[in-house]
Amino acid sequence: MNETPTTGSDIRPTGSRIQNTAPELHTTGSKIQYTGSRIQKIGSTTHHPGSTSPNTGSRIRPTLRPLALTAALAATAFTFPPATALAAPAQDGTVTLTIRHLDRSGADASAYTTHVTGVSGPGADVREQPHDPSGTVTLRLPKGRYLLDSTLEAPSEGSGTDWIVQPRLDLDHDTTVTVDARTTAPVDVRPPEDGARPRHAVSFVEVNHGGATRSANLISSATGLRVAHLGPAAEPGSVTAWVDSYWSGARADYGLGYRFTSDRALTGLVRKPAPADLATLRVRAADRDGTGGTGFVSFQPSEGTSAGLTTPVTRPGIATFLVTPERGRWDLGYTAPGTAGAPPNQYEESDVPVRAGASTTHTFDNAVLGPALDPSADAPPAGVRDGDRLSLDLPLLADGDGHAPSAPAFRSATTTLHRDGVLVGTHRGDPGRASFTLDAPDRARYRLTATALHGTGTRAGRTTAVWTFDSAATTAPTALPLSVVRFTPPLALDGTAPAGTDLRVPVTVQGPAAGAGLRSLRVQVSADGGTTWAAVPVVDGAVVIRNPAQGRTVSLRATLTDTEGNTLDQTLGHAYRTR
């Protein structure tokens, strides 16, 4: 697969050089340094319970959200300014740490990057990046527990990188540490496809001690890396290490990740999985408007820090990834081609479970567009009443798989709120997003209407959802009883279904009316743009629709009432077309 612009940091290959065309590289709290043939984070990350970190997607998670380095990590690169070392501590209560660096020949090394990070004790906040061309550096540090990691470049070009990590460095007296590249062992993690091209690898060590978490990582080429543990073992289970190796092949892209928890950092790692050991993730990129273009698909492990891979896909098209189940769940992202003057539209599917030998397929940006609720347990409510404020934040134009777009394409959008039949306010723009201030605290019947017009010509569609519910002023944020209905017909990647055939369309209720919360549900279908409607029964969670002639459209309508008397009237005009 060709090297192409990425999402997130948008790193592009320019000859033999890596060029950063966008300054925002989102990390877990530290800068990233590009030096020679590898990328290394300056310093280490500190995690506090309950903290979050910035990312390039819509969910916040303590990871490097897809930097997605599609450029080959080799040759000349650029370097961010190094982190500023803290001022030397006072002599009282300090000890001397001497670090000697040796290369693979046993000679003093001059090409190295070393970080000393405080973990616990008086030096818990210390961040040092010492360097001396002689290969030996001396520091005065407060007594305490430290994490040390050092990267050494091999003397000859293209010989690789050595990464040595000491997860437990207890300084209670003057100490000398020798970082010796001759102690490292190879990291050889490769896919079962001859000719697959190595992209990059992410090596990560996380240390927990005394209620604190510190970490170090290295982003390198997927080949030529050697690693080693240094020093005594830490406490059992206090060290987590993982390696994610990314490759591109003729058949698929590969994400080969392995995670270990023990008392030590890794010394070498060899993994050569067979095809049956891998899980398949397929991403289908739709082209509802028939405009073609190239989208970009990214993938990376859901848990922990990683820098995933991004690959182009020509719409309509399919991207295939083979991944290791040992790394846990995986995240997928898709960026649809943008239009002039509009931001790119991004989707994501997080925490995708995988199993060796099994395939999972996710489709992005296809019909039927409509309202959707986030099914995750920790998702915020789509509508909230907080005192005299009533707010709506609901994806009104989620795609056929329920993925919420980051920047939905629409022609117009309006949200209105009525209280006991009297207009409270109108909000225009931002489909499914609005906030209103209420001047009456008493309980009343509200009607909330959200509508959006999208597409052009025969592909134009109108999505409308009307909710009614009772509400009164609250003393704390309270979820509104908003339900939606999802229609998920099996459509081609151009958003069409065969003309003149019976099509089974699954119907799913989300929100308070789901399951036992549903009192009544009625579904209607129109083949003339909503001029006339015909009721279709919901049987075993689906309706059967007789598709009209070629080139026509099918509109869908659902009305429901939940067991508390709250209602929804939802219309999806021109939901899909026939071919």
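Residues numbered from 1 in each chain as written. Predicted model: local features only at pLDDT ≥ 70, side-chain atom pairs only at ≥ 80, totals over all residues. Heavy atoms only, no water.

Quick word on the sheet that holds strand E40 (residues 542-546)
Taken in spatial order, the 3 strands of this open sheet run E35-E37-E40, and their pairing is antiparallel. Here the strands that pair on one side only, and so sit at the sheet edges, are strand E35 (484-487) and E40. Sheet twist, expressed as the mean angle between neighbouring strand axes with direction ignored, is 30°. (Pairing = 2+ DSSP bridges. Helix = DSSP H or I, 4+ residues; strand = E, 2+ residues; numbered from the N terminus. Axes fitted to C-alpha atoms, helices over the stretch in contact; angles between N-to-C directions.)

Things to note about empty space enclosed by the protein
The final tally for this structure, using the stated rule, is 3 cavities of 30 Å³ or more. When its volume is computed, the largest cavity comes out at roughly 60 Å³. Taken together, Trp163, Val165, Ser203, Phe204, Val205, Val227, Ala228, Ala241, Trp242, Val243, Ala265 and Leu266 make up the full set of residues lining the largest cavity. Contributing elements (two or more residues each) for the lining of the largest cavity: strand E11 (161-171), strand E14 (197-209), strand E16 (225-229) and strand E17 (239-248). Across the lining of the largest cavity, the residue classes tally to 11 nonpolar, 1 polar and no charged. (1 Å grid on protein atoms, 1.4 Å probe; cavity = no way out; pocket = protein on both sides within 12 Å on 5 of 7 lines; lining within 4 Å. Points joined across faces, edges and corners; volume = space filled by probe spheres on them. Nonpolar A, V, L, I, M, F, W, Y, C, P; charged D, E, K, R; others polar.)

Considering the environment of Thr151
Residue placement: Thr151 occurs in strand E10 (residues 144-153). Overall, the relative accessible area of 0% leaves Thr151 in the buried class. Considering only alpha carbons, one finds Thr151 and Thr114, 37 residues apart in sequence, at a separation of 6.3 Å. (Buried < 20%, exposed > 50% of the residue type's maximum accessible area, 1.4 Å probe, protein only.)

Observations regarding the pattern of salt bridges
Scanning the entire structure with this criterion turns up 19 salt bridges. In this structure, Arg327 engages Asp244 in a salt bridge whose closest nitrogen and oxygen atoms are separated by 2.7 Å. Pair noted here: Arg327 is in the loop between strand E23 (317-323) and strand E24 (330-336) and Asp244 is in strand E17, with a separation of 83 residues, a long-range link. Of the two residues, Arg327 and Asp244, both sit in the buried class. As a salt-bridge pair, Arg546 and Asp502 come within 3.3 Å of each other at their nearest N and O atoms. Of the two residues, Arg546 is situated in strand E40 and Asp502 in strand E37 (residues 502-510); the sequence distance between them amounts to 44 residues. Put simply, Arg145, Arg168, Asp170 and Glu235 are held in one network by salt bridges that share partners. (Salt bridge = Lys/Arg side-chain N within 4 Å of Asp/Glu carboxyl O.)

Geometric descriptors of this kind do not, in isolation, establish any biological role.
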